[in-house]
Number of protein chains: 2
Amino acid sequence: MKFVIQKDRLVQSVQDVMKAVSSRTTIPILTGIKIVADHRGVSLTGSDSDISIESFIPTVEEDDQIATIQESGAVVLQAKFFSEIVKKLPLDTVEIEVTNKSNYQTVIRSGQAEFNLNGLDPDEYPHLPQIEDGKVFQLPADLMKTIIRQTVFAVSTSETRPIFTGVNWKVEGNELICVATDSHRLALRKAAVETEFEEAYSVVIPGKSLSELSKILDDSSDPVEIVFMENQVLFKMKHILFFSRLLEGNYPDTSRLIPTESKTTIELNTKEFLQAIDRASLLAREGRNNVVKLSTVEQNEIEISSNSPEIGKVIELVKSQRIEGEELKISFSAKYMMDALKALEGTEIRIQFTGAMRPFVIRPIMDDSILQLILPVRTY
Amino acid sequence: MKFVIQKDRLVQSVQDVMKAVSSRTTIPILTGIKIVADHRGVSLTGSDSDISIESFIPTVEEDDQIATIQESGAVVLQAKFFSEIVKKLPLDTVEIEVTNKSNYQTVIRSGQAEFNLNGLDPDEYPHLPQIEDGKVFQLPADLMKTIIRQTVFAVSTSETRPIFTGVNWKVEGNELICVATDSHRLALRKAAVETEFEEAYSVVIPGKSLSELSKILDDSSDPVEIVFMENQVLFKMKHILFFSRLLEGNYPDTSRLIPTESKTTIELNTKEFLQAIDRASLLAREGRNNVVKLSTVEQNEIEISSNSPEIGKVIELVKSQRIEGEELKISFSAKYMMDALKALEGTEIRIQFTGAMRPFVIRPIMDDSILQLILPVRTY
């Protein structure tokens, strides 16, 4: 294997596949990045067996010579060193050559700097999942990034019920519904998609995979192809293939958790409310549960308060555009509320309560594609 | 105590005095910030008993009303909460009032937000060191910041010989000489000062104090007054007093460590040399000591290399403007060399060696005010 390549492109690709490389793997070869060069270009692969990422650098793109392949071949190099080395090379181009085919000695040259790395046998690197026939649809990259951001924070971090560590992606007709819950709160986001699926299709994608994917997605509206396979999902971007295993098991039906009626409705400015909760949580954090209280006051105002006997207490009145229904005193986690408010888009939100002990729902006014649900905390 | 104050000024002062507050103090009241209001303005104090910082906010500055004092008084508030709270207040002004003088209950109001904090008795807060007659001289703030940056990194982090955890500031005639060493490397910086000292005066200032001071110093050339007292040093800025205790004991005479002759002289471009060392250290870091090798090559070139049997090796040739004297092969810590090169100003440096086992000296060409000394590592 021998090729010369533009440093910037190599650095970017290495950075992308590094998102799948874990230093804590039990499979030694997965601490490496697999490099394959052939007449089409150079492909890099990183994997922690849950997530696998392949990034491809073509020899020529838009009349620009990006890589010149002098000899085809493959090698696996230690990801930690390879990624640090390429970043710090002195020139704009890099030459990479396997100089000893029996022990995979690899030379990385750039200007006067010459690294000699011990490589590993690429045939020992696990094969990526085969791309089988699967259920295929598309989403723009920026929308996918938004959907992930608005749901993935609500997955469970506990392995007690592993299925809740993932986000449920369900395609029903021409609608994608993404749901995450840790059983204390729930985030739901819908989006219109074009599919030819004959019946509803549901998978559970590990939250960690989606978080890593989201770091690779750019803010363009370029389409990303999503392929649901038997145990895997594949996200296909322009030069990147992102594979993730799926979580096994059925995701519980969460639609029954979402109240359909409402006893108290409060409309608020998102930013003002978020800042008031943030201030109240300064003292609440010291307590066990980071719990703040919300109560309706006369005249279109709500009161946010929290109390930490050793430190002190905080009270703040927040104006509401509209308060309808029963009076209410309710307590909830300031962290969950802030997470939910940050995930919502829109300057105004509507919160619908069905009593102090029942889950409540937060939605942007004028937007039905997203909702956040939070279970209150019993304090009153 | 009751006053209204501009939030920005309060936030800035709190941030300054927080540099002295430690959460790991054994004296409970030092987890607080002392606030004193009188007709002149508001002063805040933080201290960990090694460092004490007082920041003063005048009622009026340049015709701008910064604080309005309604009632003089004092209180101590938990630094951690107070600093978080003031940052997050909704309006540009803040009202602070001690509402209960027997238990120091303090209300912080801004817009609709009202915090009620449990305060502490200000009389229990330790007094700042008295400003006695001392040895006084001045330095511009930006120069002082540079001097600290160029020396403080070389102090020892080990308490084996506590004196080496400080930087030796010595005033001799009209020269300030600052020296730090951890016995493996040494940093020395001189600066011209105007003093009326009758004889040389030497103190040892804890490295930690200088690091914190450096965060408070701005990049202006405003004068900072330095007052050496019996056990303390005071740095007086416009609205800030920064006290640090001094380390006890005599700082060893380090001038004899600095070689006066040279067997090999090498001149290099600082940036090219630093980057080559950085690259070599990528592999060297894996080894025990982060050691790289330098050897002179014919024709005004030096070779930088390092070797880590499990990972690989790196070799790089670096052009030298001038090599004079004996051939040389020497090994040293890449970290120490990078620290030294980053501290030096100037695009070209001269390194003077007196053999592979003797300390060597790095200086900018054309600047005698600074030098860095490094002890080699025995590997050849």
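Throughout, a residue's number is its position along its own chain's written sequence, starting from 1. The lettering of chains begins at A and the numbering of ligands begins at 1, in the order of writing. Only residues with pLDDT of at least 70 get local features here, since the model is predicted, and only at 80 or more are side-chain atom pairs given and counted; chain-wide, interface and lining totals rely on the full set of residues. No hydrogens and no water enter the side-chain calculation; it runs on all heavy atoms of the structure.

J.: What am I meant to see in the sheet that holds strand β17 (residues 223-228) of chain B here?
T.: The strands making up a sheet associate through hydrogen bonds between their backbones, and the pairing can be parallel or antiparallel. Residue and element names in this part refer to chain B. Being paired, for any two strands, means DSSP has found at least two bridges between them. Working definition: helices are DSSP H or I runs of at least four residues, strands are E runs of at least two. Numbering for both runs from the N terminus. Strand order in the open sheet formed by 8 strands is β8-β2-β3-β4-β19-β18-β17-β12, and the pairing between neighbours is antiparallel. The open sheet terminates on both sides in strands that have one partner only, identified here as β8 (73-78) and β12 (135-140). For this sheet, the mean angle separating the axes of adjacent strands, direction not counted, is 20 degrees. Along the sheet face, helix α3 (residues 141-151) touches β12, β17 and β18 (232-236) and points at about 95 degrees away from the line of β12. Where helix α4 (residues 207-216) meets the sheet, it contacts β4 (51-58), β18 and β19 (240-245), and its direction lies at approximately 170 degrees from that of β19. Every angle, taken between N-to-C directions, lies between 0 and 180 degrees, and every axis is a line fitted to C-alpha atoms, over only the stretch in contact when it is a helix. Residues are treated as being in contact if the distance between any of their heavy atoms lies within 4.5 Å.

J.: Can you walk me through the interface of chain B and chain A in this structure?
T.: A common way to express how large an interface is: the accessible area buried when the components associate. Chain B puts 30 residues into the contact, and the matching count from chain A is 30 residues. Here the quantity called buried area is the accessible surface, traced with a 1.4 Å probe, that two parts lose on coming together, added over both. Summing the contributions of chain B and of chain A, the shared interface buries around 2700 Å²; its carbon and sulfur component is 56%. Think of a salt bridge as a Lys or Arg side-chain nitrogen and an Asp or Glu carboxyl oxygen that are within 4 Å of each other. For the pair chain B and chain A, the number of links is 2 salt bridges. Residue B:Asp278 is joined to A:Lys88 by a salt bridge in which the shortest nitrogen-to-oxygen separation is 2.9 Å. Polar contact is the term for a pair of N or O atoms within 3.5 Å; when the atoms are in protein, one must be able to donate a hydrogen and the other to accept it, and sequence-neighboring residues count only if both atoms are side-chain atoms. In this structure, the connection of chain B to chain A is made through 14 residue pairs in polar contact (both at pLDDT 80 or more). Secondary-structure elements contributing two or more residues to the side of chain B that touches chain A are α2 (79-87), β11 (113-118), α5 (270-284) and β23 (312-319) of chain B. Summarising the sheet, strand β11 (residues 113-118) of chain A and β23(B) pair through 5 bridges and their orientation is antiparallel. Residue pairing across strands places A:Asn116 opposite B:Lys313, the latter belonging to β23(B).

J.: Would you mind showing me how to read the domain arrangement of chain A here?
T.: Residues and elements named next belong to chain A. The start and end points of each domain follow an automatic or database-based domain assignment. Under the domain assignment, chain A is made up of domain 1 (2-124), domain 2 (135-255) and domain 3 (258-374). With centres defined by C-alpha atoms, the gap from domain 2 to domain 3 works out at 28 Å. Facing the 14 residues of domain 2 at the interface are 14 residues of domain 3. For the domain 2 face of the interface with domain 3, the top three residues by lost area are Arg185, Leu186 and Leu188, together amounting to 40%. Across the contact surface, domain 2 and domain 3 share 1 salt bridge. Note that Arg185 and Asp339 form a salt bridge whose closest N and O atoms lie 3.0 Å from each other. Scanning the region where domain 2 abuts domain 3 turns up 8 residue pairs in polar contact (both at pLDDT 80 or more). Contributing elements (two or more residues each) for the side of domain 2 that touches domain 3: α3 (141-151) and β15 (185-192). Here the side of domain 2 that touches domain 3 gets 6 residues from one element, more than from any other, and that element is β15. The residue classification treats Ala, Val, Leu, Ile, Met, Phe, Trp, Tyr, Cys and Pro as nonpolar and Asp, Glu, Lys and Arg as charged. All others, Gly included, are polar. The residue makeup of the side of domain 2 that touches domain 3, split by class, is 4 nonpolar, 5 polar and 5 charged.

J.: Whenever I open this one, helix α6 (residues 334-343) of chain A confuses me. Can you help?
T.: The α-helix winds at 3.6 residues per turn, so residues separated by three or four positions along the chain end up facing the same way. Buried residues dominate α6(A), accounting for 8 of its 10 residues. Looking at where α6(A) begins, the residue whose side-chain oxygen comes 3.2 Å from the main-chain nitrogen of A:Lys335 is A:Ser333. Each residue is placed in one exposure class: buried if its accessible area under a 1.4 Å probe, protein chains only, is under 20% of its type's maximum, exposed if it is over 50%, and partly exposed if it falls in between.

J.: Would you mind showing me how to read the UniProt feature "domain: DNA polymerase III beta sliding clamp N-terminal" (unreviewed entry) in chain A here?
T.: If you check UniProt for "domain: DNA polymerase III beta sliding clamp N-terminal" (unreviewed entry), the listed places come out as residues 1-129 of chain A in our numbering. Between the C-alpha atoms that bound residues 1-129 of chain A the distance is 24 Å, and the span itself is 16% helix and 48% strand. UniProt positions are given in the numbering used here, feature names are shortened, and annotations may be inferred rather than shown by experiment.

J.: Sorry, what's going on with the relation of the copies chain B and chain A here?
T.: When the copies are overlaid, the least-squares fit takes in C-alpha atoms only where the residue has pLDDT of at least 70 in both copies. When chain B is fitted onto chain A, the two copies agree to an RMSD of 0.0 Å after a turn of 180 degrees and an axial shift of 0.0 Å. Interpreted geometrically, this transformation is the action of a two-fold axis. Most of the interface of chain B is mirrored in chain A: 100% of its interface residues are interface residues there too.

J.: I keep staring at the pattern of salt bridges and nothing clicks. Help me out?
T.: Any two side chains of opposite charge can pair if their charged atoms end up close together. The full count for this structure, using the stated rule, is 45 salt bridges over all chains. For B:Arg109, the salt bridge goes to B:Glu95, with nearest N and O atoms at 2.2 Å. Residue B:Arg109 is found in strand β10 (residues 105-110), and its partner B:Glu95 is found in strand β9 (residues 93-100); the two are separated by 14 residues along the sequence. Classification of B:Arg109 as partly exposed rests on a relative accessible area of 26%. Within this structure, A:Glu95, A:Glu97, A:Arg109 and A:Glu114 form a network of salt bridges that share partners.

J.: Looking at this structure, I do not really get empty space enclosed by the protein. What am I missing?
T.: To find leftover empty space, a probe the size of one water molecule is rolled over the atoms. Residue and element names in this part refer to chain A. A cavity, in this analysis, means grid points on a 1 Å lattice covering only the protein atoms where a 1.4 Å probe fits yet has no way out; a pocket is instead an open set bounded by protein on both sides within 12 Å along at least five of seven lines, and a residue lines either one if it has an atom within 4 Å of a point. Grid points are joined across faces, edges and corners, and a volume is the space filled by probe spheres set on the points. Under the criterion given, the structure shown has 1 cavity of 30 Å³ or more. Of the voids in this model, the largest cavity is the one considered here, and its volume is about 30 Å³. Looking at the largest cavity, the residues that line it are Phe153, Arg185, Leu186, Tyr336, Ala340, Gln372, Leu373 and Ile374. Contributions of two or more residues to the lining of the largest cavity are made by β15, α6 and β28 (370-374). Counted by class, the lining of the largest cavity contains 6 nonpolar, 1 polar and 1 charged residues. Built from parts of two domains, the lining of the largest cavity gets at least three residues from each of domain 2 (135-255) and domain 3 (258-374).

J.: Explanation requested: the sheet that holds strand β21 (residues 291-297) of chain B in the structure shown.
T.: Here we have 9 strands laid out as an open sheet, ordered β7(A)-β1(A)-β9(A)-β10(A)-β11(A)-β23(B)-β22(B)-β21(B)-β25(B), and antiparallel in their pairing. With partners counted over all chains shown, the strands left at the sheet margins are β7 (67-71) of chain A together with β25 (329-333) of chain B, one partner each. Geometrically, the sheet is characterised by an average inter-axis angle of 15 degrees between neighbouring strands, direction not taken into account. Relative to β25(B), β21(B) runs antiparallel, the two sharing 5 bridges. Bridge pairing in β25(B) links B:Lys293 to B:Ser331. Contacts from helix α1 (residues 7-18) of chain A reach β1 (2-6) and β9 (93-100) of chain A within the one sheet, and its direction differs from that of β1(A) by about 95 degrees. With respect to the sheet, α5(B) is in contact with β11 of chain A together with β21, β22 (301-308), β23 and β25 of chain B, its orientation differing from that of β22(B) by roughly 20 degrees.

J.: For this particular structure, what's the right way to read unusual backbone geometry?
T.: Residues apart from glycine generally show negative phi values, whereas peptide bonds are mostly found in trans. Unlike most non-glycine residues, A:Tyr104 shows phi in positive territory, near 60 degrees. Locating A:Tyr104 in the fold gives a position in the loop between β9 and β10 (105-110).

J.: Would you mind showing me how to read the packing of α3(B) against α4(B) here?
T.: Axis angle and axis distance: for two packed helices, these are the angle between their axes and the distance between the axes, and together they describe the pair. All names here are of chain B. At a closest axis distance of 10 Å, the pairing of α3 and α4 adopts a crossing angle of 140 degrees. It follows from the interaxial angle that α3 and α4 lie oblique. The way α3 lies across α4 gives a crossing that is left-handed. The residues of α4 that touch α3, namely those facing Met144, Lys145 and Ile148, are Leu210, Leu213 and Ser214. Any angle from 65 to 115 degrees is called roughly perpendicular, while one under 35 is roughly parallel, one over 145 is roughly antiparallel, and all others are oblique. Note on convention: near helix rotated counterclockwise from far helix by under a right angle means a left-handed crossing. Clockwise means right-handed.

J.: Quick question: what am I supposed to make of the packing of aromatic side chains here?
T.: How two aromatic rings sit relative to each other is set out by the distance from centre to centre and by the angle between their planes. Residue and element names in this part refer to chain B. Working definition: rings of Phe, Tyr and Trp (its six-membered ring) pair if their centres are within 6.5 Å, and the pair is stacked with planes under 30 degrees apart, edge-to-face with planes over 60 apart, and tilted otherwise. Within the structure shown, the criterion is met by 18 aromatic pairs over all chains. Both rings, one in Trp169 and one in Phe235, keep their centres 6.0 Å apart while their planes meet at 75 degrees; by these two values the pair is edge-to-face. In this pair, Trp169 sits in strand β13 (residues 166-172) while Phe235 sits in strand β18, placing the two residues 66 residues apart along the sequence. The pair formed by Trp169 and Phe235 is uniform in burial state, with each residue classed as buried. Geometrically, the ring pair formed by Tyr201 and Phe228 is stacked, given 5.5 Å between the ring centres and 10 degrees between the ring planes.

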